[in-house]
Structures are given as C-alpha cells and as structure tokens.
Amino acid sequence: MSETVVDADLHGHVGAHAAQHPALQHHFESLSQQKEASTLGMWTFLLTEILFFGGLFMAYLLYRTWYHDAFVAASSSIALSWGAFNTVVLIASSLTMALAVRSAQTDQRTALVGWLVATMVLGTVFLGVKVIEYADKFAHHHVPGPDFVWESEHPAPAGAGDEHLSHAETAATRDPALQYHTQIFFSLYFTMTGLHALHMIIGIGIMLVITYMAWQGRFDAHYYTPVEMSGLYWHFVDIVWIYLFPLLYLIDRS
Amino acid sequence: MSHIATVKSYVAIFLTLMVLTAITVAVAYVNLGPLNKVVALGIASFKATLVILYFMHVKYSSQLTKLVVVAGFFFLVLLLGLTMADYGSRAWLPLPPTLQ
C-alpha cells in the first residue's frame, strides 16, 4: 500500500498529507503511535496475567519447600514424555506465531493465514495431550478429592526389581501425611495446568478471529497490530508453560 | 517501520529453545543437590528471555515497553520474595508470653 500525498483531504483539514490508512483511529497521529499504544496496553494486561499465575507459583513454591519429598514422589509419577512432547509442541507454536506476524509484516496474506492455522493446530494438539494426561490421572486416582489415593509407583514389570522405588515410597505407601502432601501437589498440578489450558483455549479462540480477519484481507504491511498483539498473548501462554514444565514434571528424577 | 526479523533468526531461536529443553530434561536425571533447582529455573528463565526478546519483539521495542516488561517481573519477584521471607522468618521470633 503506497503512501501518496493528496491535496484533497477527507476531513476538512487544511494542508496536504499522506492518505490515511483506514485502520488509523482519529485520536492517534500516526499508525506507529497507535501501535505503540496497543503494545503498551497488551503488555499491561500481560503484567496482570504474570501476577495472576504468580499467585499460583507462590503457592507452589511454598508447598514444594515444606513438603519436598512428597512433591518429588508425586512429580516423578507424571509421565515425562507427554510433558516434554507438549513443551516442543508449544514452543513450535510460538515459532509459527512469530512467522505469522512476519508474514503480516511482509504483506503475505496466504502465508499469514497458513501460519495462524498452524499455530492453532499445534495449540489443539497441546490440549489433546492434556486430555490424555488428565484421563491418566483420573485412572490412577491422582485427582484431589474423595477418590484420591497415593500409592507408591505402579508395580514394576516382572524382573525390574525394586531399585526404582525410592526409600520414601517403599517406607510410606499409606502414610497419611504423604497422602495429604501428594494431594496438595496434584491440587497445584490441576489448578496450574488447568488455568494454563483455559488460557490456551481462549488463545485459540482469539486466533480463530484473527485468522478470519486475515483471510478477509484486513491486515497489510502497515497495519497488522491485532496479529502482533494476539502473538504477544500466545507467547505469554508459552512462557507460562516453559516454567510449568520443569516445576511440575522435573522436580527430581535422579 | 518496525524491525522485520529473518525466518532464519526465528528458526535459530526455536532450535536454541529445543536444545535448552533437552538439557533441562537431561539435568533432571542427575543429582546436583540444591543446584538442580537453580539450573532448572535458570534455563527456564533464559528460555523465557529469548521468547520475550525475539518472539515478542521486545528487543526492538521502545524503551517504555521494555520498562513495562521489567516492571512486571519486578512485581513478581516482590510477590515471591516477600511472601517467602514472611513464611521463612516465622520461626525466628517466639510468641509473646501472653499468647503462648
């Protein structure tokens, strides 16, 4: 979209100036000023989100400090492969999101739509894996509530021996304190990953809207702010997972 | 206009994040005592920094944007630090005799 200087202006102002981009709101002097305002607004919102998750991280920090052994045992019972796979999927979705923004910056509408779709697909894969993980927790009675039961690790396959069971697990399978403390871990697990998954669902919803707008041709190299702002939200959700993964899945697997 | 990064640079950041993820998983299997936490959180923070600077374009953003981002993490540190200081120091002083 080239910027041409026109003598006839549209709003009765005197003087020749570049034709206004239709996305420029009247209370901003330029698209770049408008974009800066949007960026600051989105980052301010993300700050509230940092503190929102921050509260849960604080609870986690405290209980992990107090009940470290129970947290190690509970964390080690979660399948690491799904968590690692989801981490790769989510970081890949951040890559596709960044490439989507880049496509908008370079006026490539088809590529923009393509990368946005890829981002949504990866986000959905992530959520699908979470469903599998949650189903696994229900099956093992690791969901906090009246059905919660903490046993030591699943019985080993024949011939594996007992060396994989830690001292804490063999000695305290039905220790009431351990029942209580591992239940706290799983409460935090479900609350933190659940809140994160809710943010993912909202993020995919936002991406659907943005993808539709992109497909309609609402964005160009001069104006792609909604794409970039949605990207900021998406990357934030990715960053939350970057912290959740080691804290929930990798407390101590040695 | 704003800075347009190359596809190569984005892929490079992605691959770096993948390597760091692999390292995080590998280190979890080694007993480093108190260092395990430090390494895990250190790597996670470095990954977050890469995402913020390059994927979220903060490196190419205005000083004001950078300030807002830093402010966010400053308040998080305040939340975590002061709350842990509170809990951590509870055993330091006994209750007054009238409340014991």
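Notes on the structure follow.

Rules and cut-offs
- Residues numbered from 1 in each chain as written.
- Chains lettered and ligands numbered in written order.
- Predicted model: local features only at pLDDT ≥ 70, side-chain atom pairs only at ≥ 80, totals over all residues.
- Heavy atoms only, no water.
- Helix = DSSP H or I, 4+ residues; strand = E, 2+ residues; numbered from the N terminus.
- Expected span 1.5 Å × (residues − 1).
- Buried < 20%, exposed > 50% of the residue type's maximum accessible area, 1.4 Å probe, protein only.
- Contact = heavy atoms within 4.5 Å.
- 1 Å grid on protein atoms, 1.4 Å probe; cavity = no way out; pocket = protein on both sides within 12 Å on 5 of 7 lines; lining within 4 Å.
- Points joined across faces, edges and corners; volume = space filled by probe spheres on them.
- Nonpolar A, V, L, I, M, F, W, Y, C, P; charged D, E, K, R; others polar.
- Buried area = accessible area lost by both parts, 1.4 Å probe.
- Salt bridge = Lys/Arg side-chain N within 4 Å of Asp/Glu carboxyl O.
- Polar contact = N/O pair within 3.5 Å; in protein donor to acceptor, adjacent residues only side chain to side chain.

### Quick notes on helix H1 (residues 7-28) of chain B
Over its 22 residues, H1 of chain B extends 32 Å from the first C-alpha to the last, a length consistent with the 32 Å expected when each residue adds 1.5 Å. Buried within H1 of chain B are the following residues: Tyr10, Ile13, Phe14, Leu17, Met18, Leu20, Thr21, Thr24, Val25, Val27 and Ala28 of chain B. As for H1 of chain B, its buried residues are in contact with helix H3 (80-105) and helix H7 (225-249) of chain A together with helix H2 (35-55) of chain B.

### Description of the layout of surface pockets
Taken as a whole, the second largest pocket holds about 490 Å³ of empty space. Every residue lining the second largest pocket is counted, 20 residues in all, and those nearest its centre are Phe57, Tyr243 and Leu247 of chain A together with Leu41 and Leu80 of chain B. The dominant element in the lining of the second largest pocket, judged by the number of residues it contributes, is helix H1 (residues 31-66) of chain A, at eight residues. Grouping the amino acids of the lining of the second largest pocket by side-chain chemistry returns 14 nonpolar, four polar and two charged.

### Notes on unusual backbone geometry
Of note in this structure, Asp107 of chain A is not a glycine but carries a positive phi near 60°. Mapped onto the fold, Asp107 of chain A is located in the loop between H3 and helix H4 (109-139). Here the phi dihedral of His57 of chain B falls at roughly 65°; this positive angle occurs in a residue that is not glycine. Here His57 of chain B is to be found in the loop between H2 and helix H3 (63-88). Residue His57 of chain B is classed as buried on the basis of its relative accessible area of 7%.

### Quick look at the interface of chain B and chain A
In this assembly, 47 residues from chain B lie in contact with 50 residues from chain A. Together chain B and chain A conceal approximately 4,100 Å² of surface at their shared face, both sides included; 79% is due to carbon and sulfur atoms. A per-residue breakdown of the area chain B buries against chain A is headed by Phe55, Met56 and Met84 of chain B, which together make up 14% of the total. The interface formed by chain B and chain A contains zero salt bridges. Linking chain B to chain A there are eight residue pairs in polar contact (both at pLDDT 80 or more).

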